[in-house]
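Notes for the structure review
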Amino acid sequence: MQIIRCIASKPGLFDNKIIDVGERITVIYGRNNSGKSFLARAIVDLTTGRLLDRDRVKENGWKNFYLDILFSGPSGKFRYVCNGEKTLSIKRCYDDSEDEIALFDLSSGETKDLVSGLLEKKESESLGSFYEKVGSGTYMNTSFLPSPMDIVREGRLDHEVFKRIFVFDNSNFYLLYGELHRNYGNGNAGLVREEIGRKVEQCRELDKQAKIIDIQSSKYEKLAKEKETIRTDLDKLKVESNELMRKRDILALILEKLNAKKEIEKKLDMINGDLGDEKNKEEEFSGLKKRMEQMFPRFIHFSELQKQNLKKIQELYRELRDVKEESEKFMSVVKQRGRILKNSVLAVNIASLVAIVFIMLNVIITLPRAEKLHVVYGILGLVGLSLAGLLGYSLYTARSKVIAWHVNRQREMEGMIQKLLVENNIDDTEYKIETVYEFLLQYFSEYTDYTEMQLEVLKLGSQLRGDDAVAEMKSDLKSAKADIRRLDSEIEADIYSLNMQKELPLDADVINGYLADFNTEYEKRMKELGRQENILNQLEVETAGSGCDNSGLQNILDQKGRLEEELRELTLHANTMKYILDLMNDSVIRREKRQMERLIAGTAAVFHSLTSNQYITDIGEGYIRDLLEGNISGEENTTVVHLLLLSIKIAVTDFLIDLNIPLPLIIDEPFQFMDDRRIQKLKTLLDDVAASRQVIIFTHNNNFKDWGSFIEL
């Protein structure tokens with residue numbers, strides 16, 4: 001097994017953290033309280049199936065925790081996805097796809113078995129077989145080392161796990177030994193011994209049958225009478241049971257019809273409501289339509305031509321209004337310029353008269369008479385020119401083509417509007433444009449009100465279902481009433497068929513109460529019926545072997561003879577296999593002893609190499625043996641115990657390779673009690689281990705980036 005990738009997410013610790021694990025040594029670094037130890041245990045719990053044993057995982061540890069692990073197993077790649085405390089999904093991965101081979105529900109909190117869950121399906125059978133060979137105990141004892149602070153609480157080893165590792169090999173010798181042990185045991189237990197006990201008991205039973213066969217013959221007549229009585233009781237019970245079943249079925253049918261009647265009554269109320277709503281809508285529609293015809297009679301029969309003419313009148317009037325505005329604007333400019341010109345001419349004339357008076361009276365300057373005349377004549381000429389200019393401007397404005405165009409255009413459009421008014425039968429005797437404008441304003445306002453009311457009428461009309469729909473609803477109403485009458489008649493007939501002594505109220509709760517009583521009575525009858533049938537069957541068996549027929553006794557004696565012969569053969573076979581089992585047992589014990597000594601020697605070599613022989617006089621084979629057998633009192637030196645456990649899990653690598661189960665080695669905080677020399681020796685040891693199995697180290701020390709793959713949480 002080799003872990004390829006891990007994705008972890010837990011609020012406060014990991015945010016979809018992706019960890020790509022290397023093939024050899026991977027160092028996962030994280031500060032204190034960053035979740036390293038939690039993640040290490042979570043990986044072990046998930047990949048070993050310990051997660052399914054809810055009593056063994058940390059309380060609330062998996063709450064809101066998502067863990068996705070991809071690893072290569074003995075028969076391909078697999079992906080484990082655990083969604084907190086909800087589900088665990090196991091998928092088999094291919095090149096471009098993956099198939100879910102197992103799904104476990106974790107929400108119930110119940111303990112589940114990973115192996116049996118995987119062996120249920122053919123797709124996951126190979127993975128289940130692997131876990132049969134490598135259980136969570138093997139993983140925890142050989143491939144996971146907790147942090148030094150957790151050693152006393154979690155570091156105890158299981159000797160039975162190591163015994164299995166010691167004796168198992170690829171020859172299947174131990175499997176054969178286990179099978180023989182289950183079948184033959186130690187001489188007092190086992191499947192064969194159980195079979196021998198069963199056959200001995202059968203012989204005793206046959207002896208009893210032979211002794212009582214005469215007694216059975218004498219009781220034959222008494223048993224026959226008892227059978228007849230029981231048959232009579234059985235017939236009576238069957239009749240009563242059938243009657244109870246009939247009444248129970250009728251009550252259930254009545255209850256079903258009552259429910260159907262309620263549904264029809266609901267439908268009836270709904271139809272009545274719909275008919276009432278339809279009637280109200282029809283009245284509202286008719287009233288609004290009538291009010292519209294009364295308020296706007298002239299628009300009711302408006303033709304399409306009149307609508308188009310009305311639109312043209314609006315357009316012409318807007319255009320006429322624009323022309324008048326332009327004409328008035330132009331005339332305003334002309335008048336303003338005329339006023340300016342008149343004021344200028346008036347000012348020139350007044351100034352000229354004043355100048356003439358001043359010159360003639362020599363007020364400002366004194367000129368000779370001849371020069372005065374010349375000046376006066378010049379001023380008078382200026383006055384004449386200004387008057388001529390004013391006259392010329394007046395003549396120009398009076399004959400302006402622009403003014404004439406505006407006037408002609410107004411007359412033309414007024415004529416077109418008057419023509420359209422006549423075509424639309426609009427009675428207006430005054431054809432002054434101001435009057436028409438006021439009239440049209442009121443006319444258009446009324447037409448707008450008419451249009452809005454017409455839209456409202458159309459809206460109400462669209463909400464009406466129509467005569468066909470109303471007729472259909474009335475038909476449904478009639479049919480529903482007929483169904484209710486039919487159901488009432490059927491319910492009455494059903495109640496009569498019940499033949500009950502008191503009246504049955506048509507109430508669901510009361511009927512359910514009767515149903516419960518009938519079910520109780522029916523169950524009592526059926527239990528009594530079953531009891532009587534068992535008695536009858538027993539009597540049939542007893543009477544079948546009773547009477548004066550001696551052939552039954554001879555058959556029993558023949559059967560007993562055959563059993564005694566089989567018993568002799570089984571006993572001989574069991575004694576032979578016990579002898580073979582004793583020989584194999586000695587072989588297993590010797591192998592276990594050799595393998596234990598091998599592991600102890602390997603552990604001591606690793607430990608003393610790691611500690612530079614510092615404890616060579618204090619830590620011997622006995623101490624390591626006690627540790628392997630789980631004998632930790634809690635008073636040992638934590639540093640020594642941690643280093644010994646680390647040495648055991650390194651030394652057991654050769655055993656795992658021999659069994660072809662190279663499990664990854666996961667170590668939590670191994671550097672806490674190590675100096676630089678021990679750390680360097682540990683690196684050398686782990687480099688050798690990594691050649692055979694994957695090594696994953698969790699630490700809060702970031703000085704080991706050169707060990708292999710380095711990942712920071």
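Coordinates for the structure precede this section.
Residues numbered from 1 in each chain as written. Predicted model: local features only at pLDDT ≥ 70, side-chain atom pairs only at ≥ 80, totals over all residues. Heavy atoms only, no water.

**Let's talk about the overall build of the chain**
If you tally the helices and strands in the chain, you get 21 helices and eleven strands. By the burial criterion, 39% of the 713 residues in the chain qualify as buried. Intrachain contacts of the chain at a sequence separation of at least 6 include 72% that bridge at least 24 residues. Approximately 41900 Å² of the chain is accessible, and the part contributed by carbon and sulfur atoms is 51%. (Helix = DSSP H or I, 4+ residues; strand = E, 2+ residues; numbered from the N terminus. Buried < 20%, exposed > 50% of the residue type's maximum accessible area, 1.4 Å probe, protein only. Contact = heavy atoms within 4.5 Å. Areas by Shrake-Rupley, 256 points an atom, 1.4 Å probe, with all protein chains shown as cover.)

**Looking at the sheet that holds strand β10 (residues 695-699)**
Strand order across the open sheet formed by five strands is β8-β9-β10-β3-β11, with parallel pairing between neighbours. Pairing within the sheet leaves two strands with one partner each, and these edge strands are β8 (144-145) and β11 (709-712). Direction of pairing for strand β3 (residues 25-29) relative to β11: parallel, over a ladder of four bridges. The residue bridging Tyr29 from the neighbouring strand is Glu712, located in β11. (Pairing = 2+ DSSP bridges.)

**Here's the deal with the packing of aromatic side chains**
If you walk through the whole model with that rule in mind, you get eleven aromatic pairs. Ring geometry for Phe38 and Phe65: centres 4.8 Å apart, planes at 50°, overall tilted. One end of the pair, Phe38, is in helix α1 (residues 36-48); the other, Phe65, is in the loop between α1 and β4 (66-73), with 27 residues separating them in the sequence. Note on Trp62 and Phe65: the rings are 5.0 Å apart at their centroids and 45° apart in plane angle, and the pair reads as tilted. The same class applies to Trp62 and to Phe65, which are both buried. Its guanidinium or amino end placed over the ring of Tyr522, Arg248 lies 4.7 Å from that ring's centre, counting from NZ or CZ. Across the ring face of Phe655, the terminal group of Arg598 is positioned such that the distance to the ring centre comes to 4.2 Å. (Phe/Tyr/Trp six-rings, centres within 6.5 Å; stacked < 30°, edge-to-face > 60°. Lys NZ or Arg CZ within 6 Å of the ring centre and 35° of its normal.)

**Re the packing of helix α19 (residues 638-651) against helix α21 (residues 676-690)**
Interaxial distance between α19 and α21 falls to 11 Å at its minimum, and their mutual angle equals 20°. With respect to α21, the element α19 is oriented roughly parallel. Of the two possible hands of crossing, α19 and α21 adopt the one that is left-handed. Listed contacts from α21 to Thr639, Leu643, Leu646 and Ile650 of α19 are Arg678, Leu682, Leu685, Leu686 and Val689. (Axes fitted to C-alpha atoms, helices over the stretch in contact; angles between N-to-C directions. Parallel < 35°, antiparallel > 145°, perpendicular 65-115°, else oblique. Left-handed = near helix turned anticlockwise from the far one by under 90°.)

**Quick look at a negative patch on the surface**
Taken together, Glu282, Glu283, Asp467, Asp468, Glu472 and Asp476 make up a surface patch of like negative charges. Residue assignment for the negative patch shows that the elements contributing at least two residues are α9 (220-295) and α15 (467-498). Examined against the element boundaries, Glu283 turns out to sit in helix α9. Residue classification places Glu283 among the partly exposed positions, given a relative accessible area of 48%. (Patch = residues over 30% accessible without salt bridge, like charges linked within 9 Å, V, L, I, M, F, W, Y side chains within 5 Å. Salt bridge = Lys/Arg side-chain N within 4 Å of Asp/Glu carboxyl O. Lys, Arg positive; Asp, Glu negative; His and termini not counted. Charge placed at Lys NZ, Arg CZ, Asp CG, Glu CD.)

**A look at the nonpolar core**
Where a protein is soluble and globular, its nonpolar side chains tend to be buried together. Among the nonpolar cores identified, the biggest contains 97 residues, and Leu39, Leu67, Tyr131, Leu686 and Trp707 are the most heavily contacted of them. In terms of residue count, the dominant contributor to this core is α19 (nine residues). By size, the runner-up hydrophobic cluster in this structure holds 14 residues, among which are Ile254, Leu258, Ile491 and Tyr514. (Core = buried A, V, L, I, M, F, W, Y, C linked by side-chain atoms within 4.5 Å.)

**A short note on the pairing of strand β2 (residues 14-20)**
Sheet faces and side chains relate simply in a regular strand, where the side chains alternate between the two faces. Two strands pair when backbone bridges link them, and strand β1 (residues 2-10) and β2 are joined in this way by five bridges, in the antiparallel orientation. By the bridge assignment, Arg5 is partnered in β2 with Asp20. Taken together, β1 and the strand that follows it, β2, pair antiparallel across an intervening segment of three residues, in which Gly12 is found at a positive phi of about 90°.

**A word on the environment of Asn349**
Among the structural elements, Asn349 can be located in helix α11 (residues 304-360). With 33 residues separating them in the primary sequence, Asn349 and Leu382 have C-alpha atoms 8.5 Å apart.

**Re the sheet that holds β1**
Overall, antiparallel pairing links the six strands, which are arranged β2-β1-β4-β5-β6-β7 in an open sheet. Each edge of the open sheet is held by one strand with a lone partner, namely β2 and β7 (98-105). If you compare each strand with its neighbour and ignore which way they point, the axes differ by 15° on average. Set on the sheet, α1 makes contact with β1, β2, β4, β5 (76-83) and β6 (87-93); between it and β4 the angle comes to about 55°.

**Some points on α15**
The end-to-end C-alpha distance of α15, which contains 32 residues, comes to 46 Å, matching closely the 46 Å that a straight helix rising 1.5 Å per residue would cover. All buried positions along α15 are accounted for by Val470, Met473, Leu477, Ala480, Ile484, Leu487, Ile491, Asp494 and Leu498. Remark: Asn499 follows α15 within two positions and exhibits a positive phi of approximately 55°. (Expected span 1.5 Å × (residues − 1).)

**Notes on the pattern of salt bridges**
Under the criterion given, the structure shown has 22 salt bridges. Of the charged contacts, one joins Lys91 and Glu98 as a salt bridge, the two residues approaching to 3.6 Å between their closest N and O atoms. Look at Lys91 and you get partly exposed, because its relative accessible area is 21%. In this structure Glu98 comes out as partly exposed when scored by relative accessible area, which is 33%. Across the pair Glu490 and Arg486 runs a salt bridge whose closest N-O atoms are separated by 3.2 Å. Placement of the pair is Glu490 and Arg486 together in helix α15, with a separation of four residues, close to one helical turn. What makes Arg486 partly exposed here is its relative accessible area of 40%.

**Observations regarding the environment of Thr699**
As for its placement among the helices and strands, Thr699 is situated in strand β10. Look at Thr699 and you get buried, because its relative accessible area is 1%. Sequence separation between Thr699 and Arg31 is 668 residues; the distance between their C-alpha atoms is 8.1 Å. Non-local contacts of Thr699, meaning those with residues more than four positions away in its chain, are made with Val27, Ile28, Tyr29, Gly30, Lys36, Glu669 and Phe671. In terms of polar contacts, Thr699 uses its side chain to reach the backbone amide nitrogen of Asn701, at 3.0 Å. (Polar contact = N/O pair within 3.5 Å; in protein donor to acceptor, adjacent residues only side chain to side chain.)

**Focus on the packing of helix α18 (residues 621-628) against α19**
Packing of α18 against α19 leaves a shortest axis separation of 11 Å and a crossing angle of 80°. Here α18 is positioned roughly perpendicular relative to α19, judged by the angle of their axes. Residues Tyr623, Ile624, Leu627 and Leu628 of α18 form the contact with α19, whose own contacting residues are Val641, Leu644, Leu645 and Ile648. Partitioned by chemical class, the residues of the contact of α18 with α19 number eight nonpolar, no polar and no charged. (Nonpolar A, V, L, I, M, F, W, Y, C, P; charged D, E, K, R; others polar.)

**A closer look at the side chain of Glu278**
Its location among the elements puts Glu278 in helix α9. Look at Glu278: it is buried, it has no salt bridge, and the nearest opposite charge is Arg465 at 4.2 Å. A polar contact is formed between the side chain of Glu278 and the backbone nitrogen of Arg465, at a distance of 2.8 Å. Among all residues touching Glu278, those that are not within four sequence positions of it are Gln463, Leu464, Arg465, Gly466 and Val470.

**Focus on α21**
The end-to-end C-alpha distance of α21 is 20 Å, a good match for the 21 Å that 15 residues give at a rise of 1.5 Å each. Among the residues of α21, those classed as buried are Arg678, Ile679, Leu682, Lys683, Leu685, Leu686, Val689 and Ala690.

**Examining unusual backbone geometry**
Of note in this structure, Asn613 is not a glycine but carries a positive phi near 60°. Within the secondary structure, Asn613 is located in the loop between α17 (551-610) and α18. Residues other than glycine seldom take positive phi values, yet Glu669 does so here, at roughly 55°. Along the chain, Glu669 turns up in the loop between β9 (665-668) and α21.

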